[in-house]
Amino acid sequence: MQTSSPSAARGAALITGSSRGIGAAIAKALAAEGYSVCINYIEQKEKAYRLVEELRESGATAIACQADVADPAAVEAMVSHAREELGRITLLVNNAGIAEQIQFQDITPEKWNRMFSVNLGGCFNTIHCVLPSMLSAHDGCIINISSIWGSHGASCEVAYSSTKHAIIGLTRSLAAELAPSGIRVNCVAPGVIDTDMVQVLGKDTLDMLAQEIPLRRLGRPEEIADTVVHLSKATYTTGQVFGVDGGFII
């Protein structure tokens, strides 16, 4: 009698924007939980495939797929490939996003639209592709990555904050709609996490931010991944926003 592998039991997880930083930490944590994982990237091909190799060496099943989440056709192709290689996607983590510190009067329509196309449109595109199979199975888990600036506004980050606020609205509304179908939708709102994205702020700014955080340090990508793992198992939790910010916003 054949037995299912741990990854087959868990199913497949698609993590967007997962070649590095928070996304990579989430992919590693989910692979350790027994998921087969699809690493999505747009430009960081070398890092994506290095991560795939690392996961495979640890005994996990992993593939990498290039796709701009703002492009519906690219997302559809990615999801189709992931299903062929890994099976049904039971867990979707919408992590891909872009950010820029810029004063509102300097935001061009192109910058504004691109931010929304990636951060919010990317969620729409991926959910739209994985949802039919989740509805058919009457089961599935969607976790969207927002930000503390989605709950509280941030000066010079109006576009970014707006997209992250919209992701929270998407999460809560979609959770109410999909709950009767057995599909859970939750959101994680990270604080200042020590990744490449925040390093552009410079050491002085990051040191100042750390002093404003009650735990007196920046967060680690693995701490966001821990919350994602928890939500993947929290079968009676939906429509919730989990702040992981060291107490920055209380």
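Below or above, wherever it landed, is the structure these notes cover. (Residues numbered from 1 in each chain as written. Predicted model: local features only at pLDDT ≥ 70, side-chain atom pairs only at ≥ 80, totals over all residues. Heavy atoms only, no water.)

The end-to-end C-alpha distance of helix H2 (residues 21–32), which contains twelve residues, comes to 17 Å, matching closely the 16 Å that a straight helix rising 1.5 Å per residue would cover. Of all twelve residues in H2, nine are buried, a share of seventy percent or more. Along H2, the residues that are buried comprise Ile22, Gly23, Ala24, Ala25, Ile26, Ala27, Ala29, Leu30 and Ala31. Following H2 by one or two positions, Gly34 has its phi on the positive side, about 105°. (Helix = DSSP H or I, 4+ residues; strand = E, 2+ residues; numbered from the N terminus. Expected span 1.5 Å × (residues − 1). Buried < 20%, exposed > 50% of the residue type's maximum accessible area, 1.4 Å probe, protein only.)

What follows concerns the packing of helix H5 (residues 109–119) against helix H8 (residues 158–178). Two numbers describe how H5 lies on H8: the axes approach to 9 Å, and their chain directions differ by 30°. One finds that H5 runs roughly parallel with respect to H8. Along this stretch, H5 crosses H8, giving a crossing that reads as right-handed. On the side of H5, the interface is formed by Trp112, Met115, Phe116 and Asn119, while H8 contributes Val158, Ala159, Tyr160, Ser162, Thr163, Lys164 and Ile167. Along the lines of polarity and charge, the residues of the contact of H5 with H8 split into seven nonpolar, three polar and one charged. (Axes fitted to C-alpha atoms, helices over the stretch in contact; angles between N-to-C directions. Parallel < 35°, antiparallel > 145°, perpendicular 65-115°, else oblique. Left-handed = near helix turned anticlockwise from the far one by under 90°. Contact = heavy atoms within 4.5 Å. Nonpolar A, V, L, I, M, F, W, Y, C, P; charged D, E, K, R; others polar.)

Moving on, we get to the pairing of strand E1 (residues 12–15). Side chains Ala12 and Leu14 project from E1 onto one buried face, and the interleaved Ala13 and Ile15 project onto a second face that is buried too. Relative to strand E2 (residues 36–41), E1 is paired through four bridges, and the arrangement is parallel. From the neighbouring strand, Ile15 faces E2, where its bridge partner is Ile39. Taken together, E1, H2 and E2 constitute a β-α-β crossover, and its handedness is right-handed. Two strands pair when backbone bridges link them, and E1 and strand E4 (residues 89–94) are joined in this way by four bridges, in the parallel orientation. Directly across from Leu14, in E4, lies its bridge partner Leu92. (Pairing = 2+ DSSP bridges. Right-handed = clockwise from strand over helix to strand, strands pointing away.)

This next bit is on the nonpolar core. By size, the foremost hydrophobic cluster in this structure holds 34 residues, and its most contacted members are Ile26, Leu30, Val37 and Ile39. For this core, the secondary-structure elements that each account for two or more residues are E1, H2, E2, helix H3 (45–57), strand E3 (62–66), E4, strand E5 (140–145) and helix H11 (221–233). Examining the composition of this core, we find that eight residues originate from one element, H2, more than from any other. The residues touching Val37, leaving out its near neighbours within four places in the chain, are Ala13, Ile15, Ala27, Leu30, Ala31, Leu55, Thr61, Ala62, Ile63 and Leu86. Grouped together as the second largest cluster of nonpolar side chains are 31 residues, Leu14, Cys38, Cys123 and Leu178 included. (Core = buried A, V, L, I, M, F, W, Y, C linked by side-chain atoms within 4.5 Å.)

Taken as a whole, this structure holds four aromatic pairs when the rule is applied. Summarising the aromatic geometry, the rings of Phe104 and Trp112 are spaced 6.4 Å apart at their centres and angled 90° between planes, so their arrangement reads as edge-to-face. Assessed through its relative accessible area of 52%, Phe104 is described here as exposed. The exposure class of Trp112 is partly exposed, given its relative accessible area of 29%. (Phe/Tyr/Trp six-rings, centres within 6.5 Å; stacked < 30°, edge-to-face > 60°.)

Shape descriptors only; they carry no functional weight alone.
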